[in-house]
There are 2 protein chains.
Amino acid sequence: MSDLFHFEDFAPGQSFDLGSLTVSREEIIGFASEFDPQPFHLSEEAGSASLLGGLAASGWHTGSLVMRLLATGLLNKSAGRGSPGMTRLQWKHPVRPGDTLTARADVLTTRDLRSRPDLGIVTVRVTAANQTGTGVVEWENPILFAKREPAA
Amino acid sequence: MSDLFHFEDFAPGQSFDLGSLTVSREEIIGFASEFDPQPFHLSEEAGSASLLGGLAASGWHTGSLVMRLLATGLLNKSAGRGSPGMTRLQWKHPVRPGDTLTARADVLTTRDLRSRPDLGIVTVRVTAANQTGTGVVEWENPILFAKREPAA
């Protein structure tokens, strides 16, 4: 357990590389069919006729893909205890079939949790860019982490 | 097309019933395995040992399920054109296997889009509750809608 990141290991200004993944056309249409069946997420034709300018992933799909990178690249290497929410989520650019997304998490703030001396909250800004370096999504996320040494 | 909701049909104070769905244990574990493999979303044992007090859906899964209700219950009956982001998303209560979620969208504000006279932005608060009436998730979402009559 001692090699896991705990609350005390985080500080504002740190940046964590969360790795990369590639999304396929089948995954985009499959996710949208199940969770966000708006026409522009389901076919090239409807996508091309829309503001998105072509078939594009559901924003919830993009966020969920980046969540996978956050979980595998940071949270599952840490004493993460979940998150109460998110704010300022922006979908900045369409995600297309074949895009490779690379994500990172930047630590914004850390603070104790008054009600639970064994926990602290680390707020991170999660960002992801595609293979051309264009940002596709970002959000801010307060995340609970266990402390190595609970406060008195 | 004329029976679709357009920008002009929305006004602050309106509330749209988005319907209900039920989530299974298999769906919770399947989504988490693919998108949010933190232990407390993958097994009863790890869930019970966590702050969530039992196996609970990924917050991204809960949001994606409610997105499906938003798409089928409102956006696909409207001239919806997508959304640039979300804010103030709160995961308020764990979603458990077998839970039935009922969602609604309340219109907060409507405004013209200066750069596109054919579009307007409707900001809704999306909320979902479980079968006991306990709120599980909410967020605020500006959504683009086509106008029936583009502004001059």
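Before reading further, recall that the structure is shown in the block above.
Everything quoted here is computed from the prediction, not taken from an experiment.

(A) How the structure looks around the overall build of chain A. Scanning chain A from N- to C-terminus turns up three helices and five strands. Secondary structure elements in chain A, listed N-terminal to C-terminal, are β-α-α-α-β-β-β-β. Expressed along its principal axes, the backbone C-alpha trace of chain A runs to roughly 60 × 25 × 25 Å. Counting over 152 residues, chain A shows a buried share of 51%.

(B) Fine view of the packing of helix α1 (residues 25-35) of chain A against helix α3 (residues 59-73) of chain B. Taken N-terminus to C-terminus, the directions of α1 of chain A and α3 of chain B make an angle of 70°; their axes are 7 Å apart at the nearest point. Looking at the two axes, α1 of chain A sits roughly perpendicular to α3 of chain B. In this structure, α1 of chain A uses F31, E34 and F35 of chain A to contact α3 of chain B, whose residues at the interface are H61, S64, L65, M67 and R68 of chain B. When its residues are assigned to classes, the contact of α1 of chain A with α3 of chain B shows four nonpolar, two polar and two charged.

(C) Fine view of the environment of P94 of chain A. All names here are of chain A. Inspection of the secondary structure assignment puts P94 in the loop between β2 (85-91) and β3 (100-112). Between the C-alpha atom of P94 and that of G135, which follows or precedes it by 41 residues, the distance is 9.5 Å. Each residue touching P94, except ones within four places of it in the same chain, is listed here: L52, A56, D99 and V136.

(D) Representation of the pairing of β3 of chain A within the structure. All names here are of chain A. Of the pairings in the sheet, the one linking strand β1 (residues 15-22) to β3 comprises seven bridges and is antiparallel in character. If you follow F16 over to β3, its bridge partner there is A105. Note: β3 against strand β4 (residues 119-129), ten bridges, orientation antiparallel. Among the inter-strand pairings, T109 is bridged to a residue of β4, identified as T123.

(E) Up close: the pattern of salt bridges. Residue and element names in this part refer to chain A. Counting across every chain of the model gives 14 salt bridges over all chains. Between R148 and D9 there is a salt bridge; the shortest N-O distance is 3.1 Å. Here the residue R148 occupies a position in the segment after β5 (135-146), and D9 occupies one in the segment before β1, the gap between them amounting to 139 residues. The partly exposed category is assigned to D9, whose relative accessible area is 25%. Two residues, D106 and R104, come together in a salt bridge whose shortest N-O distance is 2.8 Å. Owing to a relative accessible area of 43%, R104 belongs among the partly exposed residues under this scheme. Residues joined by salt bridges that share partners form a network here, namely R88, R125 and E140.

(F) Broad picture of the packing of helix α3 (residues 59-73) of chain A against α3 of chain B. Taken N-terminus to C-terminus, the directions of α3 of chain A and α3 of chain B make an angle of 170°; their axes are 10 Å apart at the nearest point. Looking at the two axes, α3 of chain A sits roughly antiparallel to α3 of chain B. Residues W60, G63, S64 and M67 of chain A of α3 of chain A lie in contact with α3 of chain B, whose contacting residues are W60, G63, S64 and M67 of chain B. Tallied by class, residues from the contact of α3 of chain A with α3 of chain B come to four nonpolar, four polar and no charged.

(G) The arrangement of the interface of chain A and chain B in detail. Of the residues lining the interface, 37 residues belong to chain A; the matching set on chain B comes to 37 residues. With both chains or domains summed, chain A and chain B bury close to 3100 Å², and 65% of this area falls on carbon and sulfur atoms. If you sort the residues of chain A by the area they bury against chain B, F35, L51 and W60 of chain A come out on top, with a joint share of 26%. Our enumeration of links across chain A and chain B arrives at zero salt bridges.

(H) Expanded view of the packing of aromatic side chains. A complete count under the given rule lists 15 aromatic pairs over all chains for this structure. Note on F5 of chain B and F16 of chain B: the rings are 5.4 Å apart at their centroids and 85° apart in plane angle, and the pair reads as edge-to-face. Of the two residues, F5 of chain B sits in the segment before β1 (15-22) while F16 of chain B sits in strand β1, which places them eleven residues apart along the sequence. The exposure class assigned to F5 of chain B is partly exposed, which follows from its relative accessible area of 29%. By relative accessible area, which is 13% here, F16 of chain B ends up buried. Taken together, F5, F10, F16 and F145 of chain A form an aromatic cluster joined through their ring pairs.

Calculation criteria
Residues numbered from 1 in each chain as written. Chains lettered and ligands numbered in written order. Predicted model: local features only at pLDDT ≥ 70, side-chain atom pairs only at ≥ 80, totals over all residues. Heavy atoms only, no water. Helix = DSSP H or I, 4+ residues; strand = E, 2+ residues; numbered from the N terminus. Buried < 20%, exposed > 50% of the residue type's maximum accessible area, 1.4 Å probe, protein only. Axes fitted to C-alpha atoms, helices over the stretch in contact; angles between N-to-C directions. Parallel < 35°, antiparallel > 145°, perpendicular 65-115°, else oblique. Contact = heavy atoms within 4.5 Å. Nonpolar A, V, L, I, M, F, W, Y, C, P; charged D, E, K, R; others polar. Pairing = 2+ DSSP bridges. Salt bridge = Lys/Arg side-chain N within 4 Å of Asp/Glu carboxyl O. Buried area = accessible area lost by both parts, 1.4 Å probe. Phe/Tyr/Trp six-rings, centres within 6.5 Å; stacked < 30°, edge-to-face > 60°.

Read these as geometric descriptors, not functional statements.
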